[in-house]
Structures are given as structure tokens and as C-alpha cells.
Amino acid sequence: MAKGKVKHGEARAEARRRNRLAAKQRVVAEAAVDAPRDLVAVAHQGVDLEIGDGEFCVFVGPSGCGKSTVGRTLLKLLEPTGGTIKVSGNDITHLSPDAMLPYRRRLQMIYQDPYASLNPRMTAGDIVGEPLVVHGIGTPRENRDRVASLFERCGLRPEAVGRYPHEFSGGQRQRVGIARALSLGPELIVGDEPVSALDVSIQAQIINLLMDLQDEYRLSYLFVAHDLAVVEHISHRVAVMYLGRIVEMTDRKSLFEMPLHPYTEALLSAVPIPKSSARKRKRVILTGDVPSPINPPAGCHFHTRCPYAMPRCRAEAPVLREIVPGHVASCHLHDGGVKSPLGN
């Protein structure tokens, strides 16, 4: 008897589950019918960037604005639909995977999640040494020595080469990822928020390691970041993105001392300052949400949230141009001359 009741209950639960699934499918189908078929999300447009030898360039901006896409497109992990990508003057935009192989040695990446980016079935030593095998570099013994040297340089014990990713802490896993990126001797490393998944004390260790490696190997970095305190500490140049466009770019000192775009001003005003005098500073609080990249607003993409928006902003997109030497921004406020603070 009890057995029959259980089966009856299971049948009713399954029927309810199917009804819910059918309802969801109807909602999705109706939405698909009603949605325009010619809408395309543009991840980024008009991004013009040159990274010099030994430069630390950082992209900041809201989630979903295209920062990570820029880095992945630069490495051709995503194929661009327009524009060009050049490495030392050589156009690599349309190269095949085989033709890209020599450039892979020069362009490497450090991922945001140090656990998801490591193969759990491989030892840490095999993970770091795999690029050497793929590119046919060195003998097995030379590669083992190279891996042990990289472990030691990245703050890991050489005897840890036989351990698996789950046996490391989060900070140690990220050090393994850094060692893997260094194994081929790259010229440029793209870091997609490489310290955001780590606690603050470990973040400081990883950041200091990256800066030391840059000085030692003359590396160039393109980093995606959200923590502006970290950005101010590590960057040479900062690019601010909003809805797929670079809205401001300059050296870190100029950006933090004199922001020339309203979104940058709002970002910097949100950074906590542990001083009593900071209580009197102006806090710029943006209203509303970031618009959808599928249907961005006309004119300036930021005008729906900008506290200084004018009628012109709603109709005409501002051009990214040099406002002061070495400092570019796209904002109509500066057409009559540089305004800083922006509200004046």
C-alpha cells in the first residue's frame, strides 16, 4: 500500500514538473516570436589601442561592457568581425590556427578562475610544461628543469610539480596559472581579472609577483580589473570602457587626479578613502542600469545615466579625441574647453 502511494506521489510530482517546463517553453517561444530578428549585440566598437614594451595597461568599466572580449579578441580566442590586430607590425587578424601558432608563444593569458582554468586530471607540472610540449621546445629533461625553475620563481616549491590542482589553495593555483603563462617566454600577457577570485592578502602577493615578473622579463600586460585601488597601484595607462566603447584613456596619474568623462568621475567617487577629510568629497551616484548592448541608446551611450546630459548627447555620439596632451575622452562637455570638475 505504502509502495503504491509513493508511486502515485512521484507521478504527480513529475506531472507538475512537466507542466512547469511546458509553461516555460511557451513563454520562451512567445518571446522569440515577438523579438525582432535583426538585433545584434555589438561587444565593442571603435577600440583603438597600442600596447608598448613593458607597459601595464588596464581596462576598467561595468560588467558586460566588453573588457574581457577585447582581451580575448586580441589573443584571437574570439574572432573579430572587423578591424585589425597587429603584433610587432604583423597583421594576425585573419591567420589560421596553424599560422597563429608562432604568435601563441608571444601572447599568453591568465584567467580569472584559477581552478576552472587548470585541467583537474593533470598534475601542476604537466600543466605548466604542456605549452613546451605543444610547441616542441626542449627535451623532456630540459622541460622538467624549466618547470621546476618556473615553480620556484612563482613562489611554489619545486616538489609540488606532482600535485593536482585540487591540492593547492586558490592563490597557489593562480601561481600555477602564471607559471604556465610564462613557460613560453611571452611578450604580452592578458589578465582577465586574475586576482578578483582571491582574498585581499593573497591578491597583494599575486600583484607584487606580477610586477616583479614584469621588471625581470620586460613583459607587457593588458589587464581587466574592477578594483580601482589595485588599478592605481599597478597600471601605467588606464582605459575606461562603457557599453563597448572606450570613453576615456590616459596615464593613471592624470586619470585619478583629473577625470574627463562623467562615468570615470562616478567610478572614482565610489572608491573608499580611509580619511576623515574624505567625508566632504562629492559623491556621484548614477541612477538606472547599464543599457542593453543589443539595443543601445542613440547618441552618447552614457546619456541615460549622465548627470550632465544635454539634448545634444541624446542625438550625437561624441568622438574619442585628445582633450589635453596624452589624455583622450569622448564627451561633449569639453567642446568649449576642458572642464574639470565636470560640473563647472
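Residues numbered from 1 in each chain as written. Predicted model: local features only at pLDDT ≥ 70, side-chain atom pairs only at ≥ 80, totals over all residues. Heavy atoms only, no water.

**Student:** Lay out the pairing of strand S1 (residues 56-60) with the relevant residues and their values.
**Tutor:** Counting buried residues along S1, five of its five residues qualify, which places the element largely inside the surrounding structure. A two-sided burial pattern is seen for S1, the buried positions comprising Phe56, Val58 and Val60 on one face and Cys57 and Phe59 on the other. Strand direction decides the pairing type here: S1 and strand S6 (residues 220-224), joined by four bridges, are parallel. Across the sheet, the residue bridging to Cys57 is Leu222, located in S6. (Buried < 20%, exposed > 50% of the residue type's maximum accessible area, 1.4 Å probe, protein only. Helix = DSSP H or I, 4+ residues; strand = E, 2+ residues; numbered from the N terminus. Pairing = 2+ DSSP bridges.)

**Student:** Help me get a handle on the packing of aromatic side chains, residues and values and all.
**Tutor:** The tally for this structure, following the rule as stated, stands at six aromatic pairs. Ring centres of Phe56 and Phe223 lie 4.9 Å apart, and the angle between their planes is 70°; on these two criteria the pair is classed as edge-to-face. Of this pair, Phe56 sits in strand S1 while Phe223 sits in strand S6, and the two are 167 residues apart along the sequence. For Phe223, a relative accessible area of 4% puts it in the buried group. With a centroid separation of 5.0 Å and 85° between ring planes, the pair formed by Tyr242 and Phe302 is classed as edge-to-face. Linking Tyr242 in strand S7 (residues 237-242) with Phe302 in the loop between helix H10 (262-269) and helix H11 (311-315), this pair joins segments that are 60 residues apart in sequence. Side by side, Tyr242 and Phe302 carry an identical accessibility label, which is buried. An aromatic cluster of three or more residues is present, and its members are Phe56, Tyr221 and Phe223. Above the face of the Phe168 ring, Arg163 is positioned so that its terminal group lies 4.3 Å from the ring centre. (Phe/Tyr/Trp six-rings, centres within 6.5 Å; stacked < 30°, edge-to-face > 60°. Lys NZ or Arg CZ within 6 Å of the ring centre and 35° of its normal.)

**Student:** Quick rundown of the side chain of Gln108? Include the residues and the values.
**Tutor:** Checked against the element boundaries, Gln108 lands in strand S4 (residues 107-110). Here Gln108 falls in the buried class, since its relative accessible area comes to 15%.

**Student:** So what's going on with the pattern of salt bridges? Which residues, and what values?
**Tutor:** A complete count under the given rule lists eight salt bridges for this structure. A salt bridge links Arg72 to Asp192; its shortest N-O distance comes to 3.8 Å. Within this pair, whereas Arg72 is found in helix H2 (residues 67-74), its partner Asp192 is found in strand S5 (residues 188-192), the two being separated by 120 residues in sequence. Given a relative accessible area of 27%, Arg72 falls into the partly exposed group. Residue Asp335 is joined to Arg312 by a salt bridge in which the shortest nitrogen-to-oxygen separation is 2.4 Å. In this pair, Asp335 sits in the segment after strand S10 (327-329) while Arg312 sits in helix H11, placing the two residues 23 residues apart along the sequence. (Salt bridge = Lys/Arg side-chain N within 4 Å of Asp/Glu carboxyl O.)

**Student:** Can you lay out the packing of helix H6 (residues 170-182) against helix H7 (residues 200-217) for me, pointing to particular residues and giving the numbers?
**Tutor:** For the pair H6 and H7, interaxial distance at closest approach is 10 Å and the crossing angle is 15°. Relative to H7, the element H6 lies roughly parallel. Between H6 and H7 lies a crossing of right-handed hand. On H7, the residues touching Gly171, Arg175, Ile178 and Leu182 of H6 are Ile202, Gln205, Ile206, Leu209, Leu210 and Leu213. Here the residues of the contact of H6 with H7 are counted per class, giving seven nonpolar, two polar and one charged. (Axes fitted to C-alpha atoms, helices over the stretch in contact; angles between N-to-C directions. Parallel < 35°, antiparallel > 145°, perpendicular 65-115°, else oblique. Left-handed = near helix turned anticlockwise from the far one by under 90°. Contact = heavy atoms within 4.5 Å. Nonpolar A, V, L, I, M, F, W, Y, C, P; charged D, E, K, R; others polar.)

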